[in-house]
Amino acid sequence: MQLTLWTYEGPPHIGAMRIATAMDGLHYVLHAPQGDTYADLLFTMIERRDKRPPVTYTTFQARDLGSDTAELFKTTALDAYERFKPEAMIVGASCTAELIQDDPGGLAKALALPIPVIPLELPAYQKKENWGAAETFYQIVRALAGAHAPAPGFKRTARLDGASPTCNILGATALGFRHRDDVQEISKLLTSMGITVNVVAPYGCRPSDIARLGEADFNVVLYPEIAGQAAQWLKRTFDQPFTKVIPIGVGATRDFIAEVAGITGVDPAPVFAQPDARSPWYTRSVDSTYLTGKRVFIFGDASHAIAAARVASKELGFTVVGLGTYSREFARDVREAAKLYGIEALITDDYLDVEQAVQALNPELVLGTQMERHIAKRLGVPCAVISAPVHVQDFPARYSPQMGFEGANVLFDTWVHPLMMGLEEHLLAMFRNDFEFHDAAAPSHLGKSAAPAKPPAHQAPPDAQPVFADTPQAGASITPVEADASGPVIWLAEAEKELGKIPFFVRGKARRNTERYAADLKLKSISIETLYDAKAHFSR
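Throughout what follows, the structure given in this document is the object of discussion.

Calculation notes
Residues numbered from 1 in each chain as written. Predicted model: local features only at pLDDT ≥ 70, side-chain atom pairs only at ≥ 80, totals over all residues. Heavy atoms only, no water. Pairing = 2+ DSSP bridges. Helix = DSSP H or I, 4+ residues; strand = E, 2+ residues; numbered from the N terminus. Axes fitted to C-alpha atoms, helices over the stretch in contact; angles between N-to-C directions. Phe/Tyr/Trp six-rings, centres within 6.5 Å; stacked < 30°, edge-to-face > 60°. Buried < 20%, exposed > 50% of the residue type's maximum accessible area, 1.4 Å probe, protein only. Lys NZ or Arg CZ within 6 Å of the ring centre and 35° of its normal. Contact = heavy atoms within 4.5 Å. Salt bridge = Lys/Arg side-chain N within 4 Å of Asp/Glu carboxyl O.

## Comments concerning the sheet that holds strand E6 (residues 196–201)
Moving on, step 1. The strand order across the open sheet formed by three strands is E6-E5-E7, and the pairing between neighbours is parallel. Pairing within the sheet leaves two strands with one partner each, and these edge strands are E6 and strand E7 (218–221). Direction aside, the axes of adjacent strands within the sheet are offset by 25° on average.
Moving on, step 2. In this structure, strand E5 (residues 166–170) lies alongside E7, joined through four bridges in parallel fashion. The residue of E7 that forms the bridge with Ile169 is Val220.

Written as structure tokens, this is what we have:
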């Protein structure tokens, strides 16, 4: 384990909590010290759920370590069953309680409760949250659906003539990034193809629904990090094929429709004929053409990062300069995806490594997690969130999927607007001190009949350049910047004034490039000529 200020994933028992919280009728008894109850806040405060997670903690304290903590667990589990009357129960230990080695699974089995009790072995010091969620879901599916498994070697028979294909939608959890809306969007898409959704799991299902998974013809895997392992077991046990395309973006959604059609034999033409996607036209419109070639850095869980890179490159015309993930279990997939863009993937769970990569690559847009949002804000780079971990603002009250055709519309708005707003703010700043358009100017449509207003006292004269947070006023003292060991490099006043004319959302990049160019040439000062020489150098 690593002590850090921020972390992309919690310990694996947080993943188990995400599965339990997503389901109804399932209860989680967690052997944990008093301090580990903090995890409730992830769901009630960040995801804004209206009830606590279905988790009961043993909450042992230091003084309990000298007594029988095993008996404490058994008492807690029995009390939880009597109070909540769940259809099934999962039991396990937090990272701290793992050190006690009380064996929650064996203790729960000794209680002989009249419901399925599923023990979880989640190695907290080797694995993390997404792995814990995947393992928990797999164990639940194996325990509950496995009770109805056919004999080994079972082969699924063809559907009856006229019968609608059926599927399960797997992978959506509590605390997942837009999982609620993704399920709704993909369910609607499948229904439009004439496919009946049998079970959505784990999101919104009950243990009795898990037992029915084997009845479907195939499985739709929305999030391989969560449902991949369970889908593979269902394939081996019930001969259920599963989808591999993640329907994020217009192109991937069309590929997903074709994949589903290939599995079921349905005709995809009616769905292709009327796609509910406006983003393809928007990306070709006049308002969006200036976005072509923008440098973008992408980081998140593997599924969202790979999908975002495809959308950014193929559908919006961005240039992918960085791609990475914290999902080490899917590092190979991300590395293969990075090769498509001629770059090397960044595989790390240390946000400081990500920040260093962003600084080095000088992107004009960052697509990442909540932590990349903070990194981009510090560096003055526009950012949009595409992946967990996320904060409260990424659980909107409105309908805002990432998947399907409507999800493609949401992606366009979410990714492009930070760049467009940056341009608008630059224009507002540029004209704020204009003699005709300053804040105190009379309305232009009144013509000469209106008395000319003087700029307010706090405004600069009309010919002054706008002043920005990272650009000193023209004529002010120079800004020293360390170039090399021989001494600092300085910005001359006229160069600072010229730098102020560059839009603020790319000014930081221009400043860094110019300073690097001057340092490479061992220049003592940066003039206007140096600024434009650097621009020509980095534009090659």
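Alright, that's what it looks like, and here's the rest.
## Concerning the packing of aromatic side chains
Where two aromatic rings form a pair, the distance of their centres and the angle of their planes describe that pair.
Moving on, step 1. Taken as a whole and judged by the stated rule, the model has five aromatic pairs.
Moving on, step 2. A centroid spacing of 6.4 Å and a plane angle of 45° characterise the contact between Phe299 and Tyr326, whose relative ring orientation is tilted. With Phe299 in strand E8 (residues 295–300) and Tyr326 in the loop between strand E9 (319–325) and helix H13 (331–339), this pair connects stretches of sequence that are 27 residues apart. Each member of the pair, Phe299 as well as Tyr326, is classed as buried.
Moving on, step 3. Three or more aromatic residues link up through ring pairs in this structure, and these residues are Tyr8, Phe299 and Tyr326.
Moving on, step 4. In this arrangement the basic side chain of Lys244 is found over the ring face of Phe242, its NZ or CZ atom lying 4.5 Å from the centre.
Moving on, step 5. Over the ring of Trp491 we find Arg511, and its NZ or CZ is 5.1 Å from the ring centre.

## Let's talk about the environment of Ala261
Moving on, step 1. Assignment of secondary structure puts Ala261 in helix H9 (residues 250–264).
Moving on, step 2. Looking at Ala261, the relative accessible area reads 9%, which means it is buried.
Moving on, step 3. Along the primary structure Ala261 and Met193 are separated by 68 residues, whereas in three dimensions their C-alpha atoms are 8.4 Å apart.
Moving on, step 4. In this structure Ala261 touches Met193, Val266 and Pro268, once residues within four positions along its chain are discounted.

## Some points on the sheet that holds E9
Moving on, step 1. Read from one edge to the other, the open sheet built from five strands follows the order E10-E9-E8-E11-E12, with strand pairing classed as parallel. In this open sheet, the two strands that pair with only one neighbour each are strand E10 (346–347) and strand E12 (383–385).
Moving on, step 2. As judged from the six bridges shared by E8 and E9, these two strands associate in the parallel manner. Within E9, the position partnered with Phe299 by the bridge is Gly324.
Moving on, step 3. The sheet strands contacting H13 are E9 and E10, and the helix crosses E9 at an angle near 170°.

## Details of the pattern of salt bridges
Moving on, step 1. For the structure shown, the criterion picks out 22 salt bridges.
Moving on, step 2. For Asp40, the salt bridge is made with Arg52, and the minimal N-O distance between the two is 2.7 Å. One end of the pair, Asp40, is in helix H2 (residues 40–46); the other, Arg52, is in the loop between H2 and strand E2 (55–57), with 12 residues separating them in the sequence.
Moving on, step 3. The partner of Lys339 in a salt bridge is Glu336, and the shortest N-O contact between them spans 3.3 Å. With Lys339 and Glu336 both in helix H13 and three residues apart, the pair spans about one turn of that helix.
Moving on, step 4. Take Lys339: its relative accessible area is 56%, and that puts it in the exposed class.
Moving on, step 5. Since its relative accessible area comes to 43%, Glu336 is described here as partly exposed.
Moving on, step 6. In this structure, a network of salt bridges that share partners links the residues Lys128, Arg328 and Asp349.

## Some points on unusual backbone geometry
Moving on, step 1. The amide bond that connects Ala201 to the next residue, Pro202, takes the cis arrangement and shows omega of 0°.
Moving on, step 2. Secondary-structure assignment places Pro202 in the loop between E6 and helix H7 (207–210).
Moving on, step 3. Here the residue pair Ala388 and Pro389 is connected by a cis peptide bond, since its omega of 5° sits within 30 degrees of zero.
Moving on, step 4. We note that Asp103 has phi near 60°; this positive angle belongs to a residue other than glycine.
Moving on, step 5. Within the secondary structure layout, Asp103 lies in the loop between strand E3 (88–93) and helix H4 (104–111).
Moving on, step 6. Positive phi is not limited to glycine here, since Asn362 has a value of about 50°.
Moving on, step 7. As for its placement among the helices and strands, Asn362 is situated in the loop between helix H14 (351–361) and strand E11 (365–368).

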